[in-house]
Amino acid sequence: MNYGLFNNLVEEVIQFSKDFQSEQTNKFPQNIIIINDIKKAEHLAYEEIFGEEEYNWKDIREMEMSEVWGLYYEKSENEKPKGLEELLEIIADNVRKSSFKYSIFYNDVVADLTNCAINRAINGKSNSFFEKLFEIYQYGAFPCGWNGDYPEGQIVAFKLD
């Protein structure tokens, strides 16, 4: 499938979803907080409320993705990348078959990587939120929450040692 102008960037995410090793880096992502407690990671990912607006982690990710979709719908039909509806199935299948060590967070991992790929298809590498998530995955960690009053603050990520 050709995902348009930024096809190579989308393919990079798809390839990464197959084994989580091909592009993994030891470069520490800047401006994130790393935690090593899985119970805290689960709490941040599914229960914690962040900031005065009382967003949870899912809300934050959805708000960021709604901005991406907004840019998509502003494009003319011939500017819109094709094949985006297939990305979820492709990435879900890849993650399911991989030896990803954060399998308890499977649905979130699939959603994050799919959103990273869709963002890249639409914007290239210009959306820093989704590029930051992808960088965290490449580091071998799982983005699970927020520290601060969104949109100010930083991403919290869980990493097994």
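Structure: see above.
Described in the following lines is the structure provided in the data block. (Residues numbered from 1 in each chain as written. Predicted model: local features only at pLDDT ≥ 70, side-chain atom pairs only at ≥ 80, totals over all residues. Heavy atoms only, no water.)

What follows concerns the environment of Leu5. You can see Leu5 is positioned in the segment before helix 1 (7-19). Taking the relative accessible area as the measure of exposure, Leu5 reaches 75% and is therefore exposed. A C-alpha to C-alpha distance of 7.3 Å links Leu5 and Ala121, two positions 116 residues apart in sequence. (Helix = DSSP H or I, 4+ residues; strand = E, 2+ residues; numbered from the N terminus. Buried < 20%, exposed > 50% of the residue type's maximum accessible area, 1.4 Å probe, protein only.)

So, about the pairing of strand 2 (residues 142-147). The element strand 2 is largely enclosed, with a buried count of five among its six residues. Alignment of strand 2 against strand 3 (residues 154-158), held across five bridges, turns out to be antiparallel. Across the sheet, residue Gly145 finds its bridge partner in strand 3, namely Val156. Once strand 2 ends, the chain turns through six residues before running back antiparallel as strand 3, passing Gly148 with a positive phi of about 125 degrees. (Pairing = 2+ DSSP bridges.)

Let us look at the nonpolar core. The biggest cluster of nonpolar side chains holds 49 residues, and the ones touching the most others in it are Val109, Leu113 and Cys144. Looking at this core, the element that brings in the most residues is helix 5 (residues 106-123), giving eight residues. Once residues lying within four places of it in the same chain are set aside, the contact partners of Val109 are Phe20, Val95, Phe100, Tyr102, Tyr137 and Phe142. (Core = buried A, V, L, I, M, F, W, Y, C linked by side-chain atoms within 4.5 Å. Contact = heavy atoms within 4.5 Å.)

With that out of the way, let us pick up the sheet that holds strand 2. Strand order across the open sheet formed by three strands is 1-3-2, with mixed pairing between neighbours. A single partner strand is all that each edge strand has here, and the edge strands are strand 1 (32-35) and strand 2. Strand-to-strand, the axes of this sheet are offset by a mean angle of 30 degrees, without reference to chain direction. Those strands touched by helix 2 (residues 38-46) are strand 1, strand 2 and strand 3, and its axis lies near 65 degrees from that of strand 2. With respect to the sheet, helix 3 (residues 57-74) is in contact with strand 2 and strand 3, its orientation differing from that of strand 2 by roughly 100 degrees. (Axes fitted to C-alpha atoms, helices over the stretch in contact; angles between N-to-C directions.)

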